[in-house]
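Coordinates in review
Here's the letter readout for the chains.
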Amino acid sequence: MNGKFEKTEISTIHRQPVRGSYDHETIYKIVDEAPVCHIGFVVNNQPFVIPTLHGRMNDKIVFHGAVGSRLIEHITAGNPVCLTCTVLDALVLAKSIFHHSMNYRSVVAFGTGGIIDDPVEKLQALKAISDHLLPGRWSEVREPNEKELGATSVAYINIDTASAKTRSGPPVEDKADADLEHWSGILPLAFGYAKEIPADEYSANSGLPESLKRVLR
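Residues numbered from 1 in each chain as written. Predicted model: local features only at pLDDT ≥ 70, side-chain atom pairs only at ≥ 80, totals over all residues. Heavy atoms only, no water.

A tally of regular secondary structure across the protein chain gives six helices and nine strands. With the C-alpha coordinates aligned to their principal axes, the bounding extent of the protein chain is approximately 65 × 50 × 35 Å. Each of the 217 residues in the protein chain was classed as buried or not, and the buried ones make up 34%. For the protein chain, restricting intrachain contacts to residue pairs at least 6 apart in sequence, the fraction spanning at least 24 positions comes to 68%. Per element, the accessible surface of the protein chain, about 13600 Å² overall, is 55% carbon and sulfur. Seen as two clouds, the 22 positive and the 27 negative side-chain charges of the protein chain have centres 3 Å apart. (Helix = DSSP H or I, 4+ residues; strand = E, 2+ residues; numbered from the N terminus. Buried < 20%, exposed > 50% of the residue type's maximum accessible area, 1.4 Å probe, protein only. Contact = heavy atoms within 4.5 Å. Areas by Shrake-Rupley, 256 points an atom, 1.4 Å probe, with all protein chains shown as cover. Lys, Arg positive; Asp, Glu negative; His and termini not counted. Charge placed at Lys NZ, Arg CZ, Asp CG, Glu CD.)

Take a look at the structure:
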């Protein structure tokens, strides 16, 4: 996790660079916390941005898709992609509309990848995606069978360069607005879980699995 990504023309933050970071630890922490990522790519001059579940295996970002999908074919051909992750921490409410903002942590990463064909590594990647969704769930349910594995491609992206950008703290107010009698401050946002909804009678009558107990405590 030590080290930094090299700053390049496409990854260098120009707007408020003081908020930027290029070190592996900061970037991977955001990737690990973000519930989904978005992958951008271009086919025949048409941009596409696909939201997807993801996982991380050391320096690889892994995700799955249907065999023959546009994104999978793009990755298989060795074409470049842009991957983004965002964690939203708070709404920033100022005394003027102009200075409203958000506290956030985000990553923009660039790289190329390929398909994971090795059966053992493919299962490891799917487990990484499952554990990102809900840690521990993989060991509580049936693993994918050969038919399911055959219908699913598992791809990876090696990050060549990346940057993180964050904002924290209260609103930045104009001096002229200091005496305005408007409420200002931050409204924190928290990712949480509501009460579980069983899918069938067995699930309703059986005890909760450990993966749910951990997040519902």
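After that view of the structure, there is still more to cover.
A few words now on unusual backbone geometry. In this model, Asn-44 sits at a positive phi of 50°, which is unusual for a non-glycine residue. What makes Asn-44 exposed here is its relative accessible area of 74%. Positive phi values are uncommon outside glycine, yet Asn-45 reaches one of about 70°. Relative to the helices and strands, Asn-45 is located in the loop between β2 (37–43) and β3 (46–52). For Asn-45, a relative accessible area of 76% translates into the label exposed.

Considered for burial, the residues of helix α1 (residues 24–33) that qualify are His-24, Ile-27, Tyr-28, Ile-30 and Val-31. The buried residues of α1 occupy an angular sector of 155° when projected down its axis, which confines them to one face. (Arc of directions from axis to C-beta.)

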